[in-house]
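# Working through the structure, step by step
Single-letter residue listing:
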Amino acid sequence: MTALIVLLTAVVAVLGLLVVGVLKTHAEILKRLHDLGAGIEPGESSADAQPSPPPTPITSRDDFQVMPQVPAPPEREHFGGAADLVGLAPGGKDAVSIRIQGVEQDTIVAFLSSGCVTCQKFWDAFAKPRKLKLPKGTRLVVVTKGPEAESPSSVAKLAPTTFPTVMTTDAFTDYDIPGSPYFVYVHGPSGRVRGEGTGPDWDQVRALLEQATVDAGLTGALEDQQVAKPNADQAREERIDRELWAAGVQPGDPSLYSLTQQDEHSHDDAGHTGGAESAKIVKS
Amino acid sequence: MKLKAHGIETNLPTGWEGRIGVRTTPLATSSTIGDPNEIPHPIVHLANFALPEDRGDFGSGAVDIMNDQHVFVSLFEYGPECANTALFSRQGIPTKLTPNMFSASALQRTLPGQAGCQIFFTAGNRAFCLYTVVGKQSAAARVLPGANATLSATRINPR
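Calculation notes
- Residues numbered from 1 in each chain as written.
- Chains lettered and ligands numbered in written order.
- Predicted model: local features only at pLDDT ≥ 70, side-chain atom pairs only at ≥ 80, totals over all residues.
- Heavy atoms only, no water.
- Helix = DSSP H or I, 4+ residues; strand = E, 2+ residues; numbered from the N terminus.
- Buried < 20%, exposed > 50% of the residue type's maximum accessible area, 1.4 Å probe, protein only.
- Contact = heavy atoms within 4.5 Å.
- Areas by Shrake-Rupley, 256 points an atom, 1.4 Å probe, with all protein chains shown as cover.
- Phe/Tyr/Trp six-rings, centres within 6.5 Å; stacked < 30°, edge-to-face > 60°.
- Disulfide = S-S within 2.5 Å.
- Salt bridge = Lys/Arg side-chain N within 4 Å of Asp/Glu carboxyl O.
- Polar contact = N/O pair within 3.5 Å; in protein donor to acceptor, adjacent residues only side chain to side chain.
- Arc of directions from axis to C-beta.

### Here's the deal with the overall build of chain B
- Looking only at helices and strands, chain B features one helix and eight strands.
- Along the chain direction, N to C, the helices and strands of chain B fall in the order β-β-β-β-β-β-β-α-β.
- The buried share of chain B, taken over its 159 residues, is 50%.
- In chain B, of all internal contacts separated by at least 6 residues, the share reaching a separation of at least 24 is 60%.
- Working note: accessible area of chain B is about 7300 Å², and carbon and sulfur atoms make up 52% of it.

Below, the structure is given as structure tokens:
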């Protein structure tokens, strides 16, 4: 009987402690909600009610909120630099060098880590190269930090077999990478960064990169619309320019832009057929 | 661009990239590359184009994507017992490749227009085979200076 009373007393004491704890937590929640202005109607004046602070204007990149496990954009106006990659292969024993600048193909440099949760999605995606749908003429290169910051054996387990993987901490500095995962698209012939960013999965990153390539493609398309001048035309113009120069007719000479009486006459004779020598207008 | 591993180092000129590595021993006889009983030795692959990851020791997989202006170089090390033997009696890395040294018949895998050259040598008391492929035999004179410059900047240190 005594034992039962002692047991009941102990149970009541424990339950009492739990109730006190719950009440305390509840009070804390109410206090926090009160501080945030919850339950106070607009215009309601209360001695206890404190005005909620005005929304903080976004004045710097630090104010942006990004998804957990996704690095915030770096604090700079322009794209980072690009550099060729030199480092160790997964496993940490073999040496790898990848040329990024001054090459025919463009390169997507994927900065990953063996430890980050979001990176795992990219490691998995890169194991299935056919599903990546990389932009045409583009090479994917995976970069992790060097053996001083990454486990070579872990990287070796994750590294795709189809794409090169380089372990180099220097590349993170060269490209000014804010964290992993992060992607940089480099135009091969110019060696310039055309786009950079990150996302929670490959589909979003691919969309980002496609935008960069489409923009670049538009520029290329406009350049392609310029019709090249035939060599014969170019040679003829140069010959005429030389002959005019030898005759003392320099660029901008008034005689190039005026018609003599004889010219006007011959022009009339030519009628609407327009003789080839009807006007002395040449490229100056 | 400097590259160093397994006692081999090189300084690649502009436009070139490379790998210095040791292929892992295959675990089963069904493996497409290598033999389970072999002891792999270092292999150097240098090229003036983007090297694919799936490459054979003598460039299969890489030579398939070469164009007329491309050169592929493989330095394949043999076992220490081969050093200074008759086949490997030549000393030092060959650095003066000329077009007349190349032939389509020297290719490990014959591809239209391509030509290859194979030279065995010993350097640093280590036995090597230099295997070079040009994308187009008639363009060899134009592309070989780059290969020679790359080889001149390569050092093989004794083990």
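There's more to say after this.
### Notes on the packing of aromatic side chains
All names here are of chain A.
- Following the criterion strictly, the structure yields 13 aromatic pairs over all chains and no others.
- Centre to centre, the rings of Phe-122 and Phe-183 are 4.8 Å apart; their planes meet at 50 degrees, and the pair counts as tilted. Taken together, the residues Phe-122 in helix α2 (residues 117–126) and Phe-183 in strand β6 (residues 182–187) connect sequence positions 61 residues apart.
- For Phe-122, a relative accessible area of 0% corresponds to the buried category.

### Points about the state of the cysteines
- According to the stated counting rule, one finds one disulfide over all chains in the structure shown.
- Paired by a disulfide, Cys116(A) and Cys119(A) hold their sulfur atoms 2.0 Å apart. Note on the Cys116(A) and Cys119(A) pair: the S-S dihedral is about 110 degrees, so by sign convention the disulfide is right-handed.
- Judged by its relative accessible area of 16%, Cys116(A) falls in the buried class.
- Residue Cys119(A) is classed as buried on the basis of its relative accessible area, which comes to 0%.
- Unpaired in terms of disulfides, Cys129(B) finds its nearest cysteine sulfur in Cys117(B), a separation of 8.9 Å.

### Quick notes on the pattern of salt bridges
- Applying the stated criterion across every chain, the model contains eleven salt bridges over all chains.
- Two residues, Arg126(B) and Glu77(B), come together in a salt bridge whose shortest N-O distance is 2.8 Å. Here Glu77(B) lies in strand β5 (residues 71–77) and Arg126(B) lies in strand β7 (residues 126–134), a separation of 49 residues in the sequence. In this pair, the class of Arg126(B) matches that of Glu77(B), namely buried.
- Residues participating in the shared-partner salt-bridge network are Arg139(A), Glu17(B), Arg19(B) and Glu53(B).

### Topic: the side chain of Thr10(B)
All names here are of chain B.
- Mapped onto the elements, Thr-10 comes out in strand β2 (residues 8–11).
- With a relative accessible area of 4%, Thr-10 lands in the buried category.
- Looking at Thr-10, its side chain comes within polar contact range of the side chain of Thr-154, at 2.9 Å.
- The contact partners of Thr-10, leaving out residues within four places of it in the chain, are Met-1, Lys-2, Leu-3, Leu-46, Thr-150, Ala-153 and Thr-154.

### Some thoughts on α2(A)
- Where α2(A) is concerned, the buried positions are Thr118(A), Cys119(A), Phe122(A), Trp123(A), Ala125(A) and Phe126(A). What you see down the axis of α2(A) is that its buried residues fit within an arc of 165 degrees, all on one side.

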